[in-house]
Amino acid sequence: PACACDLLRGEALQFFMLDSRTTPAALGFGADLDGDGAIGGARDVDGDGVVSGFERERARADGREWSAVPAGYDAARRVGFIAAGSCTRDIVRHELMHALVARLSREPGAAAALQATWQRARDRGVFDLVPPSPQEYFAESLAAMDNDALGRAIAMLRAGKNLP
C-alpha cells in the first residue's frame, strides 16, 4: 500500500539478487569473529573447545549457514538478498516486511505496539516459528495481509495501537 511505500521511501534500502557465484557473506551477512576482515572461518568464541553454530562466521544466529536460506535482510545495514532461483512474490514481500518492521521500530509508539503485540502472541503461543523471533513473526504476519489490511495495520501501529 501507499503508506508502506511512503515509510520505506528514503530508507536507502538495498536488495541484491544473488547468482551462483555470489554468497551472502560477500554482502556482509555473517560475522567477522576473528577480526581478519573477512567472513568465512570459525572461532571458539566462548572457549569451550567446540565450535558451535553461532561461532561459524557464515552462520545465522540459529546456526544455519546464510547460503542455505533463500533470502535475508539485515535491518542495521538496510541490506537484503534473494538467492538465485528464490525470487518469488512471497519471498520478496516477506523481506520487504522485515524492512517495514525495522522502520516502524524506530517510531516510539509503533515500537511499543510491536513489542506488546509480540508479547501477547508469545503468551498465547499462537505461532510456530522455530526459533521464535519478533522479526519473523511480524514479517510472516504482515506479508500474509492483503494491501488494505496491511495499510490498516500500519496505521494502528503508528498510532501506538497493538495489532489484534
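### Here we look at the overall build of the protein chain
Point 1. The number of helices and strands found in the protein chain is five helices and three strands.
Point 2. Starting at the N terminus and ending at the C terminus, the protein chain contains elements arranged as α-β-β-β-α-α-α-α.
Point 3. Oriented by its inertia axes, the alpha-carbon framework of the protein chain measures out at about 50 × 35 × 25 Å.
Point 4. Taking all 164 residues of the protein chain together, the buried fraction comes to 34%.
Point 5. Put simply, of all contacts in the protein chain between residues at least 6 apart along the chain, 53% involve residues at least 24 apart.
Point 6. Taken as a whole, the protein chain presents about 9,200 Å² of accessible surface, with 52% of it coming from carbon and sulfur.

### Let's talk about the side chain of Asp74
Point 1. Secondary-structure assignment places Asp74 in strand 2 (residues 71-74).
Point 2. Polar contacts involving the side chain of Asp74 include one to the main-chain amide nitrogen of Ala76, which spans 3.0 Å.
Point 3. Setting aside chain neighbours within four positions, we find Asp74 in contact with Phe29 and Val79.

### Some points on helix 5 (residues 147-158)
Point 1. Taking 1.5 Å of rise per residue, the twelve residues of helix 5 would be expected to cover 16 Å, and the 16 Å separating its terminal C-alpha atoms lies within 8% of that figure.
Point 2. Within helix 5, burial applies to Ala149, Leu150, Gly151, Ala153, Ile154 and Leu157.
Point 3. Close packing links the buried residues of helix 5 with helix 1 (2-8), helix 2 (89-104), helix 3 (108-124) and helix 4 (134-143).
Point 4. For helix 5, the N-terminal cap is Asp146; the gap from its side-chain oxygen to the backbone nitrogen of Asp148 is 3.1 Å.
Point 5. One or two positions beyond helix 5, positive phi appears at Gly160, with a value near 80°.

### Some details on the packing of helix 2 against helix 5
Describing two packed helices takes the angle between their axes plus the distance from one axis to the other.
Point 1. Contact geometry of helix 2 with helix 5 gives a least axis separation of 11 Å together with a crossing angle of 20°. In terms of orientation, helix 2 and helix 5 fall into the roughly parallel class. Helix-helix and strand crossings are classified by hand; for helix 2 and helix 5 the assignment is right-handed. Residue-level contacts link Arg93, Met97, Leu100, Arg103 and Leu104 of helix 2 to Asn147, Leu150, Ile154, Leu157 and Arg158 of helix 5.
Point 2. Of the residues assigned to the contact of helix 2 with helix 5, the class counts are six nonpolar, one polar and three charged.

Conventions adopted
- Residues numbered from 1 in each chain as written.
- Predicted model: local features only at pLDDT ≥ 70, side-chain atom pairs only at ≥ 80, totals over all residues.
- Heavy atoms only, no water.
- Helix = DSSP H or I, 4+ residues; strand = E, 2+ residues; numbered from the N terminus.
- Buried < 20%, exposed > 50% of the residue type's maximum accessible area, 1.4 Å probe, protein only.
- Contact = heavy atoms within 4.5 Å.
- Areas by Shrake-Rupley, 256 points an atom, 1.4 Å probe, with all protein chains shown as cover.
- Polar contact = N/O pair within 3.5 Å; in protein donor to acceptor, adjacent residues only side chain to side chain.
- Expected span 1.5 Å × (residues − 1).
- Axes fitted to C-alpha atoms, helices over the stretch in contact; angles between N-to-C directions.
- Parallel < 35°, antiparallel > 145°, perpendicular 65-115°, else oblique.
- Left-handed = near helix turned anticlockwise from the far one by under 90°.
- Nonpolar A, V, L, I, M, F, W, Y, C, P; charged D, E, K, R; others polar.

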